[in-house]
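Analysis of the macromolecular model
Each chain, written out:
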Amino acid sequence: MRIVTMLFTGLLSVGASAAPMMGEYIARVADCMACHTAEGGSPLAGGKKFPTPVGDIYSTNITPDKTHGIGNYSYADFEKAVRQGIAKDGHPLYPAMPYPSYARMSDSDIHALYDYFMKGVAPSEKANQESDIPWLLSARWPLHVWNWLFLDPPTGERRPLSDPVLQRGAYLVEGAGHCGACHTPRGVAMNEKAYSNQDDTFLSGAMIDGWYAPSLRTLSLPENELTSLIVTGRSKHAAVSGSMAEVVSQSTQYLTPDDATAISRYLLSLNNNKRTATPASHVTTAASASPAAGKTLYGRYCSTCHGTEGKGTDDNVPSLVNNPLVSAKAATPLLRVVTQGAETPTTVGNVSFRMPGYGDVMTDEEMRDVVNYVRQSWGNGAGEVTADDVAKVKASHP
């Protein structure tokens, strides 16, 4: 009888720990750690700054502390905050938190998240930081109108797809992964213009915080390379930097192999082969730049790593040919990389690759010339930049 009792107790212990473990995984997939942890701060204690058009806001403490965190939240309170954007005291949350995407998460995943935050996270007494939004613009009541206009009711699992792998990929991309928060254009009210693949605007690319989040509807690389890019931040011919590097280091590197494959397969399924390369004959020459000078500067500063033909090196230095960062309409992200440098994320088993910044090495005119050379070579066919464009990026992103 004692043995049976011990066995029963052990099974209860396993069951009690399973939900927080699953919740921790979902919290990683949903990028909770990255958004609610300030640099050097306690995990999930908030305080990370997010710039908005009307002022800076700061993520909140979501540890189980009963004074400053969510320790007094019931499951119903938690679910309402995560999927509807309404805090326990009734005030609406800023939609910098992607609750319109979390509304698509299943009840079981929300329950697992709640169990994790309440049982698997250490409480922190860190007080929440007030936003830097001017008081005339800081009223919360308009957010109720915003929710009425743009928030869909919680849906849980989406409509069935014939392929269960695509089904899982769609659920992760549109729900917990909230990929559209960066990769979908926003409207005048800062709303994402679409939250699912039912609209072609979804994941069609957007600028965010001075970085370009490319379209995920035109991906054409092999599935295994896209999976590697998602999990490690690098693949045979590509690499991520900027905001996406943080997503990889804090979130996507923790994906299970099956989930990483499901996301890749779903994203590749969105490509309807509508993208066509710009013929070399259509590439324009920048009137304000010197192609010869740009080529010389490229040979001096860039060719050692990226090669004379811009193809990079396999599994190390990304190719510049048909690179979305290079050919994007807005040159700001590329100018930021050349000015400040860039670094791929450090993940388990993978060291980062760093490109140095040349903001203090090249003049504005030299940077204009080399960037125009890269944007207009190898069929990239992107528009020209000016020395004034370079100066503006240096000033706004020191």
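First, a word on scope: everything that follows refers to the structure included in this document. The model shown is predicted, which means the values in this text are computed figures rather than measured ones. (Residues numbered from 1 in each chain as written. Predicted model: local features only at pLDDT ≥ 70, side-chain atom pairs only at ≥ 80, totals over all residues. Heavy atoms only, no water.)

Things to note about the overall build of the chain
- Assigned secondary structure in the chain consists of 17 helices and six strands.
- Burial analysis of the chain (398 residues in total) assigns 46% to the buried set.
- For the chain, the proportion of contacts with a sequence separation of at least 24, taken over those separated by at least 6, is 62%.
- For the chain, the computed accessible surface area is about 20,100 Å², with 57% contributed by carbon and sulfur atoms. (Helix = DSSP H or I, 4+ residues; strand = E, 2+ residues; numbered from the N terminus. Buried < 20%, exposed > 50% of the residue type's maximum accessible area, 1.4 Å probe, protein only. Contact = heavy atoms within 4.5 Å. Areas by Shrake-Rupley, 256 points an atom, 1.4 Å probe, with all protein chains shown as cover.)

Some details on helix H9 (residues 223-232)
- For H9, the full list of buried residues reads Glu225, Leu226, Thr227, Leu229, Ile230 and Thr232.
- The inward-facing, buried residues of H9 contact helix H10 (243-250) and helix H11 (257-269).
- The positive-phi residue at the C-terminal boundary of H9 is Gly233, with phi of around 85°.

Looking at a nonpolar patch on the surface
- A contiguous nonpolar patch, built from Trp141, Val145, Trp148 and Leu149 and spanning about 540 Å² of accessible area, is present on the exposed surface.
- Note on Val145: relative accessible area 40%, which makes it partly exposed. (Patch = residues over 30% accessible without salt bridge, like charges linked within 9 Å, V, L, I, M, F, W, Y side chains within 5 Å. Salt bridge = Lys/Arg side-chain N within 4 Å of Asp/Glu carboxyl O.)

Details of the packing of aromatic side chains
- Per the counting criterion, the structure on display carries 10 aromatic pairs.
- Both rings, one in Phe78 and one in Phe117, keep their centres 5.8 Å apart while their planes meet at 55°; by these two values the pair is tilted. You can see Phe78 sitting in helix H3 (residues 75-84) and its partner Phe117 sitting in helix H5 (residues 107-119), a full 39 residues away along the chain. The same class applies to Phe78 as to Phe117, namely buried.
- Ring centres of Tyr298 and Tyr373 lie 5.5 Å apart, and the angle between their planes is 50°; this geometry places the pair in the tilted category. (Phe/Tyr/Trp six-rings, centres within 6.5 Å; stacked < 30°, edge-to-face > 60°.)

Regarding the pattern of salt bridges
- With the rule as written, the count across this model stands at 15 salt bridges.
- One salt bridge connects Asp77 with Lys88, and the closest N-O pair in it is separated by 2.8 Å. Of this pair, Asp77 sits in helix H3 while Lys88 is found in the loop between H3 and helix H4 (99-102), placing the two residues 11 residues apart along the sequence.
- The closest approach of N and O atoms between Glu174 and Arg104, which form a salt bridge, is 4.0 Å. Of the two residues, Glu174 sits in helix H7 (residues 164-174) while Arg104 sits in the loop between H4 and H5, which places them 70 residues apart along the sequence. With respect to class, Glu174 is no different from Arg104; both count as buried.
- It is possible to trace a salt-bridge network through shared partners that takes in Glu79, Arg83 and Asp107.

Here's the deal with the side chain of Thr63
- Within the fold, Thr63 resides in the loop between strand E2 (55-58) and H3.
- Assessed through its relative accessible area of 0%, Thr63 is described here as buried.
- Apart from the residues within four sequence positions on either side, Thr63 is in contact with Pro43, Leu44, Ala45, Gly69, Ile70, Gly71, Val121, Ala122, Pro123 and Ser124.

Remarks on the nonpolar core
- In terms of nonpolar packing, the biggest core is built from 48 residues, with Leu44, Phe78, Met105, Phe117, Tyr266 and Leu267 touching the most fellow members.
- Of all the elements, H5 adds the most residues to this core, at six residues.
- Apart from the residues within four sequence positions on either side, Leu267 is in contact with Val173, Leu203, Leu216, Leu219, Leu226 and Ile230.
- Membership of the second largest hydrophobic core comes to 23 residues, among which are Trp211, Tyr298, Leu320 and Met362. (Core = buried A, V, L, I, M, F, W, Y, C linked by side-chain atoms within 4.5 Å.)

Quick look at unusual backbone geometry
- Its identity is not glycine, yet Met190 carries a phi of approximately 65°, on the positive side.
- Here Met190 lies in the loop between helix H8 (180-183) and strand E3 (206-208).
- A relative accessible area of 39% places Met190 in the partly exposed class.

Concerning the packing of helix H12 (residues 291-301) against helix H16 (residues 364-375)
- Interhelical geometry of H12 versus H16 gives an angle of 90° and a closest axis separation of 8 Å. Comparing the axis directions of H12 and H16 gives the class roughly perpendicular. The segment H12 lies against H16, with Pro291, Ala293, Gly294, Lys295, Leu297 and Tyr298 engaging Glu366, Asp369, Val370, Tyr373 and Val374.
- Partitioned by chemical class, the residues of the contact of H12 with H16 number seven nonpolar, one polar and three charged. (Axes fitted to C-alpha atoms, helices over the stretch in contact; angles between N-to-C directions. Parallel < 35°, antiparallel > 145°, perpendicular 65-115°, else oblique. Nonpolar A, V, L, I, M, F, W, Y, C, P; charged D, E, K, R; others polar.)

Digging into the environment of Thr218
- For Thr218, the location among the structural elements is in the loop between strand E4 (211-213) and H9.
- Sequence separation between Thr218 and Asn271 is 53 residues; the distance between their C-alpha atoms is 4.8 Å.

Here's the deal with the pairing of E2
- By the bridge criterion, four bridges tie strand E1 (residues 49-52) to E2 in an arrangement that is antiparallel. Bridged to Thr52 within E2 is Gly55.
- Hairpin connection, E1 to E2: the antiparallel pair is bridged by two residues. (Pairing = 2+ DSSP bridges.)

Re the packing of H16 against helix H17 (residues 387-396)
- Their axes nearest at 8 Å, the elements H16 and H17 cross at an angle of 110°. Relative to H17, H16 is oriented roughly perpendicular. Counting all contacts with H16, which are made through Asp364, Glu365, Met367 and Arg368, the residues of H17 involved are Ala387, Val390, Ala391 and Lys394.
- Counted by class, the contact of H16 with H17 contains four nonpolar, no polar and four charged residues.

Concerning H5
- Between the first and last C-alpha of H5 there are 18 Å, a value that for 13 residues agrees with the 18 Å anticipated at 1.5 Å per step.
- Among all positions in H5, only Asp109, Ile110, Ala112, Leu113, Tyr114, Asp115, Tyr116 and Phe117 are buried. (Expected span 1.5 Å × (residues − 1).)

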